[in-house]
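Chain residues, written in single-letter form:
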Amino acid sequence: MARDNINDILVFLAVARERSFTRAAAKLGMTQSALSHTVRALEERLGVRLLTRTTRSVSPTEAGERLMQNVAPRLEEIEAEIAAVSDLGDRPAGTIRITAIDHVIDSVLWPRLAPILPQYPDLHVEMSSDYRIVDIAAERYDIGVRHGDQVDKDMIAVRLTPDVQMMIVAAPAYFEWHAVPTTAQELMKHNCINLRLASSGGLYAWELRHAGRDLEVQVRGQTVFTNVYHMLSAALSGVGVTYLPESLVGPYLQSGRLVSVMPDWCAVFPGLHAYYPSRRQASRALALVIDTIRHKG
(Lines give C-alpha, C1' and ligand atoms only; values in the text may rest on other atoms or scores of the structure.)
Protein backbone atom coordinates (compact mmCIF):
# COMPACT_ATOMS: atom_id res chain seq x y z
CA MET A 1 0.00 0.00 0.00
CA ALA A 2 2.76 2.47 0.92
CA ARG A 3 4.63 1.84 -2.33
CA ASP A 4 1.40 2.33 -4.31
CA ASN A 5 0.82 5.61 -2.48
CA ILE A 6 4.28 6.91 -3.40
CA ASN A 7 3.87 6.09 -7.08
CA ASP A 8 0.38 7.59 -7.15
CA ILE A 9 1.53 10.71 -5.31
CA LEU A 10 4.18 11.24 -7.99
CA VAL A 11 1.43 11.06 -10.61
CA PHE A 12 -0.75 13.49 -8.62
CA LEU A 13 2.16 15.93 -8.28
CA ALA A 14 2.71 15.91 -12.05
CA VAL A 15 -0.94 16.76 -12.68
CA ALA A 16 -1.02 19.43 -9.96
CA ARG A 17 2.14 21.12 -11.24
CA GLU A 18 1.03 21.05 -14.87
CA ARG A 19 -2.57 22.01 -13.99
CA SER A 20 -3.50 19.67 -16.81
CA PHE A 21 -4.07 15.93 -17.24
CA THR A 22 -3.07 16.26 -20.91
CA ARG A 23 0.32 17.86 -20.23
CA ALA A 24 1.04 15.59 -17.26
CA ALA A 25 0.21 12.49 -19.33
CA ALA A 26 2.58 13.63 -22.07
CA LYS A 27 5.34 14.30 -19.55
CA LEU A 28 4.92 10.93 -17.79
CA GLY A 29 4.34 8.90 -20.95
CA MET A 30 0.93 7.70 -19.71
CA THR A 31 -2.56 7.86 -21.17
CA GLN A 32 -4.94 10.45 -19.73
CA SER A 33 -7.37 7.74 -18.68
CA ALA A 34 -4.65 5.88 -16.74
CA LEU A 35 -3.58 9.15 -15.14
CA SER A 36 -7.13 10.01 -14.10
CA HIS A 37 -7.70 6.51 -12.73
CA THR A 38 -4.48 6.69 -10.67
CA VAL A 39 -5.39 10.05 -9.12
CA ARG A 40 -8.95 8.94 -8.39
CA ALA A 41 -7.68 5.76 -6.72
CA LEU A 42 -5.34 7.81 -4.54
CA GLU A 43 -8.20 10.12 -3.54
CA GLU A 44 -10.35 7.12 -2.64
CA ARG A 45 -7.62 5.58 -0.47
CA LEU A 46 -7.00 8.89 1.31
CA GLY A 47 -10.71 9.66 1.59
CA VAL A 48 -10.29 13.24 0.37
CA ARG A 49 -10.44 15.07 -2.96
CA LEU A 50 -7.02 16.33 -4.08
CA LEU A 51 -7.91 18.05 -7.35
CA THR A 52 -10.71 20.31 -8.47
CA ARG A 53 -11.58 19.44 -12.05
CA THR A 54 -13.51 21.60 -14.51
CA THR A 55 -13.86 21.32 -18.27
CA ARG A 56 -11.11 23.92 -18.68
CA SER A 57 -8.73 23.54 -15.78
CA VAL A 58 -7.35 21.39 -12.98
CA SER A 59 -6.22 22.83 -9.66
CA PRO A 60 -5.27 21.35 -6.28
CA THR A 61 -7.74 21.50 -3.41
CA GLU A 62 -6.63 22.55 0.08
CA ALA A 63 -5.69 18.93 0.78
CA GLY A 64 -3.87 18.75 -2.54
CA GLU A 65 -1.92 21.92 -1.76
CA ARG A 66 -0.89 20.48 1.61
CA LEU A 67 0.30 17.29 -0.05
CA MET A 68 2.33 19.34 -2.56
CA GLN A 69 3.93 21.54 0.09
CA ASN A 70 4.74 18.86 2.67
CA VAL A 71 5.26 15.62 0.77
CA ALA A 72 6.83 16.76 -2.51
CA PRO A 73 10.03 18.12 -0.87
CA ARG A 74 10.54 14.83 1.00
CA LEU A 75 10.16 12.82 -2.20
CA GLU A 76 12.68 15.12 -3.88
CA GLU A 77 15.11 14.52 -1.00
CA ILE A 78 14.70 10.76 -1.44
CA GLU A 79 15.31 11.04 -5.18
CA ALA A 80 18.39 13.20 -4.53
CA GLU A 81 19.79 10.64 -2.11
CA ILE A 82 19.16 7.80 -4.55
CA ALA A 83 20.95 9.83 -7.23
CA ALA A 84 23.82 10.45 -4.82
CA VAL A 85 24.17 6.72 -4.12
CA SER A 86 24.14 5.99 -7.85
CA ASP A 87 26.76 8.67 -8.24
CA LEU A 88 29.22 6.59 -6.21
CA GLY A 89 29.70 4.32 -9.21
CA ASP A 90 32.63 4.52 -11.60
CA ARG A 91 30.93 6.70 -14.20
CA PRO A 92 28.51 9.67 -14.15
CA ALA A 93 24.99 8.30 -14.34
CA GLY A 94 21.43 9.54 -14.23
CA THR A 95 19.12 11.85 -16.11
CA ILE A 96 19.76 15.59 -16.34
CA ARG A 97 16.68 17.59 -17.37
CA ILE A 98 17.28 20.95 -19.04
CA THR A 99 14.85 23.67 -20.11
CA ALA A 100 15.80 26.28 -22.71
CA ILE A 101 14.41 27.82 -25.88
CA ASP A 102 14.82 25.88 -29.12
CA HIS A 103 17.51 28.14 -30.61
CA VAL A 104 19.68 27.74 -27.51
CA ILE A 105 19.27 23.96 -27.57
CA ASP A 106 20.19 23.86 -31.28
CA SER A 107 23.08 26.31 -31.28
CA VAL A 108 24.63 25.98 -27.81
CA LEU A 109 23.58 22.97 -25.75
CA TRP A 110 23.32 20.15 -28.26
CA PRO A 111 26.58 20.87 -30.16
CA ARG A 112 28.47 20.77 -26.85
CA LEU A 113 26.71 17.77 -25.31
CA ALA A 114 26.48 15.48 -28.34
CA PRO A 115 30.23 14.62 -28.45
CA ILE A 116 30.37 13.43 -24.82
CA LEU A 117 27.31 11.17 -24.80
CA PRO A 118 29.04 8.15 -26.41
CA GLN A 119 31.71 8.36 -23.68
CA TYR A 120 29.12 8.17 -20.86
CA PRO A 121 26.43 5.61 -21.74
CA ASP A 122 24.84 5.89 -18.29
CA LEU A 123 24.29 9.64 -18.67
CA HIS A 124 20.85 10.63 -19.99
CA VAL A 125 19.92 14.14 -21.07
CA GLU A 126 16.35 15.38 -21.50
CA MET A 127 16.01 18.82 -23.10
CA SER A 128 12.69 20.66 -23.15
CA SER A 129 12.12 23.58 -25.51
CA ASP A 130 10.15 26.21 -23.63
CA TYR A 131 9.72 29.97 -23.97
CA ARG A 132 8.18 30.35 -20.51
CA ILE A 133 10.10 31.62 -17.51
CA VAL A 134 10.26 28.21 -15.85
CA ASP A 135 10.51 27.59 -12.11
CA ILE A 136 13.04 24.78 -12.41
CA ALA A 137 12.68 23.68 -8.79
CA ALA A 138 8.89 23.40 -8.96
CA GLU A 139 8.95 21.67 -12.35
CA ARG A 140 11.85 19.40 -11.41
CA TYR A 141 14.38 20.50 -14.00
CA ASP A 142 18.06 20.22 -13.13
CA ILE A 143 19.21 23.13 -15.29
CA GLY A 144 17.56 26.20 -16.79
CA VAL A 145 19.02 28.65 -19.30
CA ARG A 146 18.41 32.41 -19.25
CA HIS A 147 20.20 35.67 -19.94
CA GLY A 148 22.43 36.57 -17.01
CA ASP A 149 20.23 39.41 -15.74
CA GLN A 150 17.21 37.07 -15.52
CA VAL A 151 18.76 34.49 -13.18
CA ASP A 152 17.46 34.57 -9.59
CA LYS A 153 20.08 35.45 -7.00
CA ASP A 154 19.57 32.20 -5.06
CA MET A 155 20.74 30.17 -8.07
CA ILE A 156 24.23 29.12 -9.12
CA ALA A 157 24.82 30.54 -12.63
CA VAL A 158 27.43 29.46 -15.17
CA ARG A 159 28.06 31.50 -18.32
CA LEU A 160 27.37 29.70 -21.59
CA THR A 161 27.94 32.44 -24.17
CA PRO A 162 29.45 35.89 -24.60
CA ASP A 163 27.00 38.78 -24.40
CA VAL A 164 24.23 38.53 -27.00
CA GLN A 165 24.05 41.17 -29.74
CA MET A 166 20.50 41.74 -31.02
CA MET A 167 19.75 42.88 -34.58
CA ILE A 168 16.82 44.43 -36.44
CA VAL A 169 16.63 42.68 -39.80
CA ALA A 170 14.49 42.22 -42.90
CA ALA A 171 14.83 40.78 -46.38
CA PRO A 172 16.13 43.14 -49.11
CA ALA A 173 12.84 42.60 -50.98
CA TYR A 174 10.91 44.17 -48.09
CA PHE A 175 12.85 47.43 -48.44
CA GLU A 176 12.08 47.60 -52.16
CA TRP A 177 8.61 48.69 -51.06
CA HIS A 178 9.31 50.28 -47.67
CA ALA A 179 11.63 53.05 -46.51
CA VAL A 180 14.48 51.96 -44.24
CA PRO A 181 13.62 52.96 -40.63
CA THR A 182 16.12 55.06 -38.72
CA THR A 183 14.23 55.82 -35.48
CA ALA A 184 11.89 54.01 -33.09
CA GLN A 185 9.01 56.19 -34.31
CA GLU A 186 9.64 55.14 -37.91
CA LEU A 187 10.04 51.49 -36.86
CA MET A 188 6.56 51.50 -35.31
CA LYS A 189 5.09 52.28 -38.74
CA HIS A 190 6.58 49.11 -40.26
CA ASN A 191 5.15 45.62 -40.61
CA CYS A 192 6.98 44.00 -37.69
CA ILE A 193 7.19 40.28 -36.99
CA ASN A 194 6.33 39.71 -33.34
CA LEU A 195 6.88 37.15 -30.59
CA ARG A 196 4.06 36.19 -28.23
CA LEU A 197 5.34 35.52 -24.72
CA ALA A 198 4.35 32.12 -23.36
CA SER A 199 4.39 33.26 -19.73
CA SER A 200 2.17 36.36 -19.98
CA GLY A 201 0.43 35.81 -23.30
CA GLY A 202 1.36 39.36 -24.32
CA LEU A 203 3.54 40.51 -27.19
CA TYR A 204 7.26 40.98 -26.58
CA ALA A 205 8.20 44.68 -26.47
CA TRP A 206 11.44 45.14 -28.40
CA GLU A 207 14.13 46.06 -25.89
CA LEU A 208 16.18 48.66 -27.72
CA ARG A 209 19.02 50.91 -26.58
CA HIS A 210 19.93 54.28 -28.11
CA ALA A 211 22.25 57.05 -26.98
CA GLY A 212 22.69 55.39 -23.60
CA ARG A 213 18.94 55.02 -22.99
CA ASP A 214 16.99 51.75 -22.71
CA LEU A 215 13.64 51.72 -24.51
CA GLU A 216 10.82 49.19 -24.79
CA VAL A 217 9.10 49.61 -28.13
CA GLN A 218 5.76 47.89 -28.70
CA VAL A 219 5.70 47.28 -32.44
CA ARG A 220 2.84 45.92 -34.54
CA GLY A 221 2.52 43.86 -37.69
CA GLN A 222 0.61 41.18 -39.54
CA THR A 223 2.41 38.19 -38.04
CA VAL A 224 2.92 36.86 -34.51
CA PHE A 225 4.79 33.67 -33.66
CA THR A 226 5.76 31.78 -30.52
CA ASN A 227 9.32 30.86 -31.50
CA VAL A 228 12.30 32.55 -33.12
CA TYR A 229 12.67 30.11 -36.03
CA HIS A 230 9.23 31.02 -37.38
CA MET A 231 10.07 34.73 -36.96
CA LEU A 232 13.27 34.18 -38.94
CA SER A 233 11.41 32.30 -41.66
CA ALA A 234 8.86 35.13 -41.97
CA ALA A 235 11.64 37.70 -42.26
CA LEU A 236 13.39 35.65 -44.97
CA SER A 237 10.13 35.52 -46.93
CA GLY A 238 10.02 39.32 -47.04
CA VAL A 239 6.94 39.78 -44.83
CA GLY A 240 8.45 42.37 -42.51
CA VAL A 241 11.05 43.47 -39.98
CA THR A 242 12.03 41.44 -36.93
CA TYR A 243 14.37 41.58 -33.93
CA LEU A 244 16.58 38.52 -33.34
CA PRO A 245 20.01 37.51 -31.97
CA GLU A 246 23.00 37.97 -34.25
CA SER A 247 23.89 34.31 -33.67
CA LEU A 248 20.66 33.34 -35.43
CA VAL A 249 20.60 35.86 -38.29
CA GLY A 250 24.36 36.15 -38.91
CA PRO A 251 24.62 33.56 -41.72
CA TYR A 252 21.72 35.19 -43.59
CA LEU A 253 23.30 38.63 -43.29
CA GLN A 254 26.52 37.25 -44.76
CA SER A 255 24.69 35.63 -47.67
CA GLY A 256 22.65 38.78 -48.34
CA ARG A 257 19.28 37.15 -47.66
CA LEU A 258 18.76 39.60 -44.78
CA VAL A 259 19.94 43.15 -44.17
CA SER A 260 20.52 44.88 -40.85
CA VAL A 261 18.98 48.27 -40.02
CA MET A 262 19.21 50.67 -37.07
CA PRO A 263 22.37 49.03 -35.64
CA ASP A 264 22.80 51.88 -33.17
CA TRP A 265 19.41 51.03 -31.68
CA CYS A 266 20.09 47.32 -31.08
CA ALA A 267 20.73 46.20 -27.51
CA VAL A 268 23.42 43.87 -26.22
CA PHE A 269 21.94 41.42 -23.72
CA PRO A 270 23.95 39.72 -20.95
CA GLY A 271 25.25 36.33 -22.08
CA LEU A 272 23.23 33.16 -21.66
CA HIS A 273 23.77 31.35 -18.36
CA ALA A 274 22.92 27.86 -17.16
CA TYR A 275 21.57 27.94 -13.62
CA TYR A 276 20.56 25.48 -10.92
CA PRO A 277 19.53 25.69 -7.23
CA SER A 278 22.38 26.63 -4.90
CA ARG A 279 21.05 24.30 -2.20
CA ARG A 280 21.47 21.28 -4.42
CA GLN A 281 24.63 19.24 -4.14
CA ALA A 282 25.83 18.73 -7.69
CA SER A 283 25.95 15.09 -8.75
CA ARG A 284 28.72 13.83 -11.00
CA ALA A 285 26.29 13.83 -13.90
CA LEU A 286 25.20 17.43 -13.26
CA ALA A 287 28.80 18.58 -12.77
CA LEU A 288 29.82 16.89 -16.02
CA VAL A 289 27.00 18.51 -18.00
CA ILE A 290 27.68 21.96 -16.52
CA ASP A 291 31.41 21.70 -17.27
CA THR A 292 30.66 20.55 -20.82
CA ILE A 293 28.27 23.37 -21.72
CA ARG A 294 30.04 26.23 -19.90
CA HIS A 295 31.63 29.02 -21.97
CA LYS A 296 35.31 28.21 -22.48
CA GLY A 297 36.33 31.50 -24.07
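Cut-offs and rules
Residues numbered from 1 in each chain as written. Predicted model: local features only at pLDDT ≥ 70, side-chain atom pairs only at ≥ 80, totals over all residues. Heavy atoms only, no water. Helix = DSSP H or I, 4+ residues; strand = E, 2+ residues; numbered from the N terminus. Buried < 20%, exposed > 50% of the residue type's maximum accessible area, 1.4 Å probe, protein only. Contact = heavy atoms within 4.5 Å. Phe/Tyr/Trp six-rings, centres within 6.5 Å; stacked < 30°, edge-to-face > 60°. Lys NZ or Arg CZ within 6 Å of the ring centre and 35° of its normal. Pairing = 2+ DSSP bridges. Axes fitted to C-alpha atoms, helices over the stretch in contact; angles between N-to-C directions. 1 Å grid on protein atoms, 1.4 Å probe; cavity = no way out; pocket = protein on both sides within 12 Å on 5 of 7 lines; lining within 4 Å. Points joined across faces, edges and corners; volume = space filled by probe spheres on them. Nonpolar A, V, L, I, M, F, W, Y, C, P; charged D, E, K, R; others polar. Core = buried A, V, L, I, M, F, W, Y, C linked by side-chain atoms within 4.5 Å.

Student: I'd like a description of the overall build of the protein chain, backed by residues and values.
Tutor: Check the secondary structure of the protein chain and you find 10 helices and 15 strands. Dimensions of the protein chain, computed from the C-alpha atoms along their principal axes, are close to 70 × 50 × 35 Å. Each of the 297 residues in the protein chain was classed as buried or not, and the buried ones make up 43%. Relative to all contacts within the protein chain whose residues are 6 or more apart in sequence, the contacts with residues 24 or more apart total 72%.

Student: Before we move on, could you go through the packing of aromatic side chains and cite the residues and values that matter?
Tutor: Using the criterion set out here, one finds two aromatic pairs in the structure. One residue, Arg97, lies across the ring of Tyr141, its end atom 4.2 Å from the ring centre.

Student: Now, about the sheet that holds strand E3 (residues 94-100): what can you tell me, with residues and values included?
Tutor: By definition, the strands of a sheet pair up through backbone hydrogen bonds, in either a parallel or an antiparallel sense. Taken in spatial order, the five strands line up as E4-E3-E5-E15-E6 in an open sheet, and their pairing is mixed. Only two strands of the sheet have a single neighbouring strand rather than two, namely strand E4 (123-129) and strand E6 (155-159). The mean inter-strand angle of the sheet, taken between neighbouring strand axes irrespective of direction, is 30 degrees. Looking at chain direction, E3 and strand E5 (residues 143-147) are connected through two bridges and run parallel. Each residue of the ladder has a partner; that of Thr99, found in E5, is Gly144.

Student: Can you tell me about the layout of surface pockets, naming the residues and giving the values?
Tutor: In this model, the second largest pocket occupies a volume close to 1,200 Å³. Around the second largest pocket sit 50 residues that line it, and Ile101, His147, Gln150, Phe269 and Leu272 are the ones nearest its centre. When its residues are assigned to classes, the lining of the second largest pocket shows 28 nonpolar, 11 polar and 11 charged.

Student: Requested: an account of the nonpolar core, with residues and values cited.
Tutor: Residues Leu109, Ile168, Leu187, Trp206 and Tyr243 are the most contacted members of the largest nonpolar core, which totals 59 residues. Excluding anything up to four places from it in sequence, Trp206 contacts Ile168, Leu187, Cys192, Ile193, Asn194, Leu215, Glu216, Val217, Val219, Val241, Thr242 and Tyr243. Ranked by size, the runner-up nonpolar core spans 20 residues in total, among them Ile9, Leu13, Ala25 and Leu35.

Student: Can you explain unusual backbone geometry? Please cite residues and give values.
Tutor: Positive phi is not limited to glycine here, since Arg19 has a value of about 55 degrees. Topologically, Arg19 is positioned in the loop between helix H1 (2-18) and helix H2 (21-28). Backbone geometry at Ala211 places phi at a positive 55 degrees, although glycine is not the residue there. Within the secondary structure layout, Ala211 lies in the loop between strand E9 (206-210) and strand E10 (213-217).

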